[in-house]
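If you want the building blocks of each chain, they are given just below.
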Amino acid sequence: MDITGKLEEVNQSDSLLLVVFYADWSPHCEWIEPLLHEFEKPVNIVRVNIESIRKVADAYEIEIAPSFVLQRKGKMLWEKTGEVFPGELRDVIEMFKN
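Residues numbered from 1 in each chain as written. Predicted model: local features only at pLDDT ≥ 70, side-chain atom pairs only at ≥ 80, totals over all residues. Heavy atoms only, no water.

**Some points on the nonpolar core**
At step 1: One finds Leu18, Val20, Val43, Ile45, Leu70, Trp78 and Leu89 to be the most contacted residues of the largest nonpolar core, which totals 17 residues.
At step 2: Counting only elements with at least two residues in this core, the list comes to strand E1 (16-22), helix H2 (29-37), strand E3 (67-72) and helix H4 (86-96).
At step 3: The element that contributes the greatest number of residues to this core is H4, accounting for 4 residues.
At step 4: Setting aside residues up to four positions removed in sequence, valine 43 forms contacts with Leu16, Leu17, Leu18, Leu70 and Ile93.
At step 5: Leu7, Ala23, Val48 and Tyr60 belong to the second largest nonpolar core, which has 15 residues in total. (Core = buried A, V, L, I, M, F, W, Y, C linked by side-chain atoms within 4.5 Å. Buried < 20%, exposed > 50% of the residue type's maximum accessible area, 1.4 Å probe, protein only. Helix = DSSP H or I, 4+ residues; strand = E, 2+ residues; numbered from the N terminus. Contact = heavy atoms within 4.5 Å.)

Spelled out as structure tokens, the structure:
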């Protein structure tokens, strides 16, 4: 399934969806993956390379990597551009988990 299809599928459910926008050239990519593995159980995570999947990045109006969007049923709950720390992401996910 392509990323657009996966986004649509998850947005039909009541699950939290974290869309992570990244770029291969960004030095932040190295620390994003280990951080994301911690949150794969409570949240659906979709990774979007802003250079190769520009259509999705444009739909979210994302220009900078990394950027993070947390949503449920297509409704944006939280958005952050730039570095995010594990504790910050953990707190946001806990706040919207239920």
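**What to know about unusual backbone geometry**
At step 1: Here the amide bond leading from alanine 65 into proline 66 is cis, since omega sits at 0 degrees, within 30 degrees of zero.
At step 2: In this fold, proline 66 is placed in the loop between helix H3 (54-59) and E3.
At step 3: If you check the backbone angles, glutamate 61 has positive phi at about 55 degrees while not being a glycine.
At step 4: Relative to the helices and strands, glutamate 61 resides in the loop between H3 and E3.
At step 5: Overall, the relative accessible area of 69% leaves glutamate 61 in the exposed class.

**With respect to H2**
At step 1: Every buried residue of H2 is accounted for by Cys29, Ile32, Leu35 and Leu36. End-on, the buried residues of H2 take up no more than an arc of 120 degrees, which puts them together on one face. Of the residues in H2, the exposed ones pointing more than 90 degrees away from the buried face are Glu30 and Pro34.
At step 2: Against E1, strand E2 (44-49) and H4 lie the buried residues of H2. (Arc of directions from axis to C-beta.)

**Some details on the side chain of serine 26**
At step 1: Assignment of secondary structure puts serine 26 in the loop between E1 and H2.
At step 2: For serine 26, the contacting residues outside a window of four places in its chain are Ala65 and Pro66.

**Considering the pairing of E1**
At step 1: Along E1, 6 of the 7 residues are buried, which leaves the element largely enclosed by surrounding structure.
At step 2: Crossover E1 to E2 through H2 is right-handed. (Right-handed = clockwise from strand over helix to strand, strands pointing away.)

**With respect to the side chain of glutamine 71**
At step 1: Mapped onto the secondary structure, glutamine 71 falls in strand E3.
At step 2: Within polar-contact distance, the side chain of glutamine 71 engages the side chain of tyrosine 60 at 3.2 Å.
At step 3: The contacts of glutamine 71, once residues within four sequence positions are left out, are Asn11, Ser15, Leu16, Leu17, Tyr60, Met76 and Leu77. (Polar contact = N/O pair within 3.5 Å; in protein donor to acceptor, adjacent residues only side chain to side chain.)

**Concerning the pairing of E2**
At step 1: Judged from the 6 bridges that link them, E1 and E2 form a sheet pairing that is parallel. Of the residues in E2, the one forming a bridge with leucine 18 is isoleucine 45. (Pairing = 2+ DSSP bridges.)

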